[in-house]
Amino acid sequence: MNLPMVAGGESAARIAILLTLLPKLSENTCDALTAHFVNGYDTDWIFNLYGIDQPNFTRSVTKLSAVNNTVEALKICKQHRAVWVSLILSLIPKFGEGTRQSLTEWVSTLDGSNRPSYPPKNLKRSLDKFYAVIDKIEQIKTLDNAHLSDMNLTVTNEARA
């Protein structure tokens, strides 16, 4: 399920977490993406205000949207362990194929409810990165649930009025 990101409709905290899942972007690009998705700034303003080219901004929006879609897919597919692991690994582009395969084998043996206390030495650093991504996804889920709760409260209060 791909939910499009809405200009002016995203929380600053959510965008900040999503930006950490992207390869390094310039500070201007991160600020421009935040201004667009959090504050709803028009793209013409963004180009002038942050001094970035339209093609660079468009590529960054595409990358951020792809990461957002992956996070959304991860939120709903945890029961499909192999797909879930593959999606998480797609957010860590620096891993080589051997590391990906080793991580997939290691993580697929876990039940998902606990983290191993003693991973193989050669996977320790990679697992730390893997679990850091999971922590970010959990933070986004918490933010999204709080946002939905706030929306329900607003709708309920409006219905009472």
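Residues numbered from 1 in each chain as written. Predicted model: local features only at pLDDT ≥ 70, side-chain atom pairs only at ≥ 80, totals over all residues. Heavy atoms only, no water.

Caption draft 1: A nonpolar patch on the surface, seen in detail. A cluster of nonpolar residues, Y41, W45 and L49, forms a patch on the protein surface that exposes about 350 Å² of accessible area. Tracing the backbone through its elements, the reader meets L49 in helix α3 (residues 43-50). (Patch = residues over 30% accessible without salt bridge, like charges linked within 9 Å, V, L, I, M, F, W, Y side chains within 5 Å. Areas by Shrake-Rupley, 256 points an atom, 1.4 Å probe, with all protein chains shown as cover. Salt bridge = Lys/Arg side-chain N within 4 Å of Asp/Glu carboxyl O. Helix = DSSP H or I, 4+ residues; strand = E, 2+ residues; numbered from the N terminus.)

Caption draft 2: Molecular detail of the packing of aromatic side chains. Taken as a whole and assessed by the stated rule, the structure comprises two aromatic pairs. Ring geometry for F47 versus F57: centroids 5.8 Å apart, planes at 80 degrees, classification edge-to-face. Of this pair, F47 sits in helix α3 while F57 sits in helix α4 (residues 54-76), and the two are ten residues apart along the sequence. An identical accessibility class is assigned to F47 and F57; each is buried. Ring centres of F130 and Y131 lie 5.6 Å apart, and the angle between their planes is 80 degrees; on these two criteria the pair is classed as edge-to-face. Like Y131, F130 is buried. (Phe/Tyr/Trp six-rings, centres within 6.5 Å; stacked < 30°, edge-to-face > 60°. Buried < 20%, exposed > 50% of the residue type's maximum accessible area, 1.4 Å probe, protein only.)

Caption draft 3: Molecular detail of the layout of surface pockets. By volume, the second largest pocket amounts to about 300 Å³. Around the second largest pocket, the lining comprises 14 residues; the ones closest to its centre are T20, L91, I92, P93 and K94. If you tally residues by element for the lining of the second largest pocket, the top one is helix α7 (residues 124-160), at four residues. Looking at side-chain class alone, the lining of the second largest pocket contains nine nonpolar, one polar and four charged residues. (1 Å grid on protein atoms, 1.4 Å probe; cavity = no way out; pocket = protein on both sides within 12 Å on 5 of 7 lines; lining within 4 Å. Points joined across faces, edges and corners; volume = space filled by probe spheres on them. Nonpolar A, V, L, I, M, F, W, Y, C, P; charged D, E, K, R; others polar.)

Caption draft 4: Spatial organisation of the packing of helix α2 (residues 27-39) against α3. As a packed pair, α2 and α3 sit with axes 10 Å apart at the nearest point and diverge in direction by 150 degrees. Between α2 and α3, the angle is such that the two are roughly antiparallel. Taken as a pair, α2 and α3 cross one another with a handedness that is right-handed. The residues of α3 that touch α2, namely those facing N28, D31, A32, A35 and H36, are T43, I46 and Y50. (Axes fitted to C-alpha atoms, helices over the stretch in contact; angles between N-to-C directions. Parallel < 35°, antiparallel > 145°, perpendicular 65-115°, else oblique. Left-handed = near helix turned anticlockwise from the far one by under 90°. Contact = heavy atoms within 4.5 Å.)

Caption draft 5: The arrangement of α3 in detail. By the burial criterion, the buried members of α3 are I46, F47 and Y50. Around the axis of α3, the buried residues are gathered within 100 degrees of arc, so they sit on the same side. Among the exposed residues of α3, those pointing more than 90 degrees away from its buried face are W45 and N48. The inward-facing, buried residues of α3 abut α2 and α4. Its side-chain oxygen 3.2 Å from the backbone nitrogen of D44, D42 forms the N-cap of α3. (Arc of directions from axis to C-beta. Polar contact = N/O pair within 3.5 Å; in protein donor to acceptor, adjacent residues only side chain to side chain.)

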